Amino acid sequence: MTKQTYEVVSPDQNSHEWLFERLGTITATDVAVMFQKPRIKSEEFSKTQIDFINQKAVERVLKTRGIEALTDYFNAESAKFENNEDIQRGKDHEKYAVMAYENFTKNIIDVVGFCRSVERPYFGCSPDGLIIESGAVIEVKCPRVYNHYYTVKNKFVRDIYKYQMMAQQLVLNAPYVHFISFCAEALDGHELFLMEFQFTDDDLNSVVEKVEYYNTLIELEFQKLKNLTPQDLGKVEVLRGDR
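What counts and what doesn't
- Residues numbered from 1 in each chain as written.
- Predicted model: local features only at pLDDT ≥ 70, side-chain atom pairs only at ≥ 80, totals over all residues.
- Heavy atoms only, no water.
- Helix = DSSP H or I, 4+ residues; strand = E, 2+ residues; numbered from the N terminus.
- Buried < 20%, exposed > 50% of the residue type's maximum accessible area, 1.4 Å probe, protein only.
- Contact = heavy atoms within 4.5 Å.
- Pairing = 2+ DSSP bridges.
- Axes fitted to C-alpha atoms, helices over the stretch in contact; angles between N-to-C directions.
- Polar contact = N/O pair within 3.5 Å; in protein donor to acceptor, adjacent residues only side chain to side chain.
- Patch = residues over 30% accessible without salt bridge, like charges linked within 9 Å, V, L, I, M, F, W, Y side chains within 5 Å.
- Areas by Shrake-Rupley, 256 points an atom, 1.4 Å probe, with all protein chains shown as cover.
- Salt bridge = Lys/Arg side-chain N within 4 Å of Asp/Glu carboxyl O.
- 1 Å grid on protein atoms, 1.4 Å probe; cavity = no way out; pocket = protein on both sides within 12 Å on 5 of 7 lines; lining within 4 Å.
- Points joined across faces, edges and corners; volume = space filled by probe spheres on them.
- Nonpolar A, V, L, I, M, F, W, Y, C, P; charged D, E, K, R; others polar.

1. Overview of unusual backbone geometry
- Positive phi is not limited to glycine here, since asparagine 14 has a value of about 75°.
- Mapped onto the fold, asparagine 14 is located in the loop between strand 1 (6-10) and helix 1 (16-22).
- A relative accessible area of 31% means that asparagine 14 is categorised as partly exposed.
- Its identity is not glycine, yet lysine 106 carries a phi of approximately 70°, on the positive side.
- With respect to the helices and strands, lysine 106 occurs in the loop between helix 5 (85-105) and strand 3 (109-110).
- Take lysine 106: its relative accessible area is 61%, and that puts it in the exposed class.

If you want it as structure tokens, here you go:
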């Protein structure tokens, strides 16, 4: 019997419970950031990576308050999703993409929420669906028509999506990932594009190394923030610049 490598800790994506479980957690969509190369070769981290570490550390501080105390915070976060046209487009079209995929492949999709790694509980993902028979993952994108045809013509998948799929395959111990591009505005027969990815052990081990390293950095920052004293917060520092 195959050992379960993850647990579903929030069944409904975009719910307050889902947002709470993701707080401070390294998610599949974060992985590409950790593989960035700084623009200045002498620097260890890019500004985006530094911001990522600090953001996750602050989220871990917030999480210590408990879900009930964070209602206003989660409402504001949910509003960001609703006000983003591309995210809203994805939400509106994804169900049609899954239907088209099921019709084309005859695979049956199970929709799950946030899945947390058992081995690394600071790491998780929210797959767009799991193929019931094989346990494989689907990753759905619903781009605008130009980007869809660019993907179809060039069989091009952005690195940010590849890193996301690597993380999903790792967390879910999936045999492969199906990348789906779906565009309702495309010509009949052109709406669905499908590519299969089977990432190697070397690919997955590179993700493990990054996740474990960044989790250590995030945890160090979290401990610094958590251990701030009233004296630290009450200090008044006068900064004088050159005149």
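2. Observations regarding the environment of arginine 22
- Note that arginine 22 resides in helix 1.
- Excluding its chain neighbours within four sequence positions, the residues that come into contact with arginine 22 are Thr27, Thr29, Lys56, Glu59, Phe114 and Ser126.

3. Digging into the sheet that holds strand 3
- With mixed pairing, 5 strands are arranged side by side in an open sheet as 3-6-7-8-9. Unpaired on one side and paired on the other, strand 3 and strand 9 (192-197) mark the two borders of the sheet.
- Direction of pairing for strand 6 (residues 129-131) relative to strand 7 (residues 137-141): antiparallel, over a ladder of 2 bridges. By the bridge assignment for strand 7, glycine 129 is matched with isoleucine 138.
- The strands touched by helix 5 are strand 3, strand 6, strand 7, strand 8 (177-182) and strand 9; relative to strand 9, the strand with the most contacts, the crossing angle is about 70°.

4. Concerning the side chain of serine 126
- Counting through the fold element by element, serine 126 comes out in the loop between strand 5 (123-125) and strand 6.
- Taking relative accessible area as the criterion, serine 126 reaches 18% and is therefore assigned buried.
- Of the polar contacts made by the side chain of serine 126, one reaches the side chain of tryptophan 18; its length is 2.8 Å.

5. With respect to a nonpolar patch on the surface
- A surface patch of nonpolar side chains, amounting to about 350 Å² of accessible area, comprises Val58, Leu225, Leu228 and Leu233.
- With respect to the secondary-structure elements, valine 58 resides in helix 3 (residues 47-63).

6. What to know about the layout of surface pockets
- Estimated volume of the second largest pocket: approximately 320 Å³.
- Every residue lining the second largest pocket is counted, 17 residues in all, and those nearest its centre are Thr5, Glu119, Arg120, Leu170 and Asn173.
- With 4 residues, the top contributor of residues to the lining of the second largest pocket is helix 8 (residues 201-226).
- Taken together, the residues of the lining of the second largest pocket break down into 7 nonpolar, 6 polar and 4 charged.

7. Looking at the pattern of salt bridges
- For the structure shown, the criterion picks out 12 salt bridges.
- Of the charged contacts, one joins aspartate 86 and arginine 144 as a salt bridge, the two residues approaching to 3.1 Å between their closest N and O atoms. Taken together, the residues aspartate 86 in helix 5 and arginine 144 in the loop between strand 7 and helix 6 (145-154) connect sequence positions 58 residues apart.

8. Quick notes on the sheet that holds strand 1
- Strand order in this open sheet of 4 strands is 1-4-5-2, and the pairing throughout is mixed. Each end of this open sheet is capped by a strand with a single partner; those strands are strand 1 and strand 2 (26-27).

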